[in-house]
Amino acid sequence: MPSSLQAGCDSGNDTLPLRAARSGRRHGSCGLGFGKTVGQSEQTSFALTVADLCRPSLTGKLRAIRDEWLPVRCAQLGIDLTFGPLAFGAADALLERFVEQCRAFSERVVLQSDADLPRMGPIIFEAAQGLLLDQGAAGFPFVTRSSTGLANITAIATEAEIGELEAVYVTRCYLTRHGRGGMEDERSIDHWFSVDDATNLPNPWQETLRFGLLDPARLGRRIAADLAVAGDTMAVTPSLAITCLDQARDDRLGWIDGAELRSGPVREMMAELEMATRLPWTAEFWAPSNR
């Protein structure tokens, strides 16, 4: 099962120049072109996989994407190919530098088929983004172009003949979102939390990190829907982990229960989450270094 080579971002569905042209109508978060890369791989003959990074044909594939696919796609979108980052991206020096980086990658990384995974000891799968950003979630186009929960993991595990998974669902003790799009709850959380997040500073593309309060019942429904993806094909043992507890003011948290605002000690909220999700706790994180 080859994996598409994609640039990472939260919910990016556009290239940076297109995002600039959209201005207030933009719907990505980083402007790095995650969505466009997926579309390029799914809808055209210009797909690029991780295996291609180790092949002699890499330079030719990159030139074809740059010289054949990119001008056509920019014309479709009404984007000036000579504008800003795209003009820089057309330079041979950038392509050559990327090829060199891919060579370094291939010297350090051994690619394995899914079927080889059981021979490598315990396997840790990392899901892609949060469940509310799944490409099948409500709110398109303010989602990411990938499946963010168990879907891809169970597919790979099935091919590898891995019959059992331990799924840890991780949440902050409050809601966040980068970029545009709806939120289940959006408000100032300063009364309950003192957030210090040096990795998500305001910037022109993602703008400011947005905040809200968790609703344990809604979280429980999201997790249940994701667990249903595995169905009867995979034995899944789920649990919870909660982060950023060090940011609670006076060891008290705020959360919501439908339309009702709740506030109480950390343990009270954790008990609410455990009851709503019907899952036990695996871990809790109280220090900035282990969020």
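Residues numbered from 1 in each chain as written. Predicted model: local features only at pLDDT ≥ 70, side-chain atom pairs only at ≥ 80, totals over all residues. Heavy atoms only, no water.

Novice: Explain the sheet that holds strand β7 (residues 281–284) here, please?
Specialist: Remark on secondary structure: sheet strands pair via backbone hydrogen bonds, oriented parallel or antiparallel. Strand order in the open sheet made by the three strands is β1-β4-β7, with parallel pairing throughout. Two strands close off the open sheet at either side, each with one partner strand: β1 (164–172) and β7. Here the strands of the sheet are splayed against their neighbours by 25 degrees on average, with no regard to which way each runs. (Pairing = 2+ DSSP bridges. Helix = DSSP H or I, 4+ residues; strand = E, 2+ residues; numbered from the N terminus. Axes fitted to C-alpha atoms, helices over the stretch in contact; angles between N-to-C directions.)

Novice: Can you walk me through a nonpolar patch on the surface in this structure?
Specialist: Nonpolar side chains collect at one region of the surface, where Phe105, Val109 and Leu111 lie side by side and expose about 210 Å² of accessible area between them. Summarising the element assignment, Leu111 is placed in the loop between α5 (92–108) and α6 (150–159). Overall, the relative accessible area of 40% leaves Leu111 in the partly exposed class. (Patch = residues over 30% accessible without salt bridge, like charges linked within 9 Å, V, L, I, M, F, W, Y side chains within 5 Å. Areas by Shrake-Rupley, 256 points an atom, 1.4 Å probe, with all protein chains shown as cover. Salt bridge = Lys/Arg side-chain N within 4 Å of Asp/Glu carboxyl O. Buried < 20%, exposed > 50% of the residue type's maximum accessible area, 1.4 Å probe, protein only.)

Novice: Help me understand the environment of Met269 in this model?
Specialist: With respect to the secondary-structure elements, Met269 resides in helix α8 (residues 266–277). Measuring from C-alpha to C-alpha, the distance between Met269 and Leu214 comes to 9.7 Å, with 55 residues separating the pair along the chain. Setting aside residues no more than four positions away along its own chain, Met269 makes contact with Cys173, Leu214, Leu253 and Trp255. (Contact = heavy atoms within 4.5 Å.)

Novice: Please explain unusual backbone geometry as it appears in this structure.
Specialist: Between Phe140 and the following residue, Pro141, the backbone shows a cis peptide bond with an omega angle of 10 degrees. For Pro141, the position within the fold is in the loop between α5 and α6. The backbone of Cys244 shows a phi angle near 65 degrees, a positive value even though the residue is not glycine. A positive phi angle is found at Arg278, which is not glycine, with a value near 60 degrees. For Arg278, the location among the structural elements is in the loop between α8 and β7.

Novice: Help me out: how do you make sense of the packing of aromatic side chains in this one?
Specialist: Each aromatic ring pair is summarised here by two numbers: the centre-to-centre distance and the angle between the ring planes. In the structure shown here, the tally under the stated rule is two aromatic pairs. Here the aromatic cluster, defined as three or more aromatic residues joined through ring pairs, consists of Tyr174, Phe193 and Phe211. (Phe/Tyr/Trp six-rings, centres within 6.5 Å; stacked < 30°, edge-to-face > 60°.)

Novice: Explanation requested: the environment of Phe211 in the structure shown.
Specialist: Structurally, Phe211 is set in strand β3 (residues 210–212). Separated by 34 residues in the primary sequence, Phe211 and Arg177 have C-alpha atoms spaced 6.6 Å apart. Once residues within four sequence positions are removed from consideration, Phe211 is found in contact with Tyr174, Leu175, Thr176, Met183, Asp185, Glu186, Arg187, Ile189 and Val195.

Novice: Just checking my understanding: could you explain the state of the cysteines for this structure?
Specialist: Such a bond, covalent and formed between the sulfur atoms of two cysteines, is termed a disulfide. Counted under the stated rule, the structure contains zero disulfides. Summary of cysteine pairing: Cys54 is not part of a disulfide, and the nearest cysteine sulfur, belonging to Cys102, is at 8.3 Å. (Disulfide = S-S within 2.5 Å.)

Novice: I tried to follow helix α3 (residues 58–77) on my own but got confused; where do I start?
Specialist: An α-helical turn contains 3.6 residues, so a residue and the one three or four places further along point in the same direction. With 20 residues, α3 should cover 28 Å at 1.5 Å per step; its first-to-last C-alpha distance of 26 Å lies within 8% of that length. The largest bend in α3 amounts to roughly 40 degrees and is located at Trp69, with the proline Pro71 lying one to four residues further along. Listed in full, the buried residues belonging to α3 are Leu58, Leu62, Ala64, Ile65, Arg66, Trp69, Leu70 and Cys74. Following α3 by one or two positions, Gly78 has its phi on the positive side, about 70 degrees. (Expected span 1.5 Å × (residues − 1). Bend = angle between axes of the 7 residues up to and from the residue.)

Novice: I would appreciate a short explanation of the nonpolar core in the present structure.
Specialist: Side chains that are nonpolar tend, in soluble globular proteins, to be buried together. Judged by nonpolar contacts, the single largest core of 26 residues is most densely connected at Tyr169, Cys173, Phe193, Leu245 and Leu253. Among the secondary structure elements, those contributing two or more residues to this core are β1, α7 (216–230), β4 (235–243), β5 (252–257) and α8. Beyond its immediate chain neighbours, meaning those up to four positions away, Cys173 contacts Phe193, Leu214, Ile242, Thr243, Cys244, Leu245, Leu253, Gly254 and Met269. Counting 15 residues, the second largest nonpolar core, distinct from the first, contains Phe46, Leu48, Leu53 and Cys74. (Core = buried A, V, L, I, M, F, W, Y, C linked by side-chain atoms within 4.5 Å.)

Novice: Sorry, what's going on with the pairing of strand β6 (residues 260–265) here?
Specialist: Each regular strand carries side chains that alternate between the two faces of the sheet. Taken together, the six bridges between β5 and β6 define a ladder with antiparallel strand orientation. Counted as the bridge partner of Asp257 is Glu260 from β6. Between β5 and β6, which pair antiparallel in sequence order, lie two residues; one of them, Gly258, sits at a positive phi of approximately 65 degrees.

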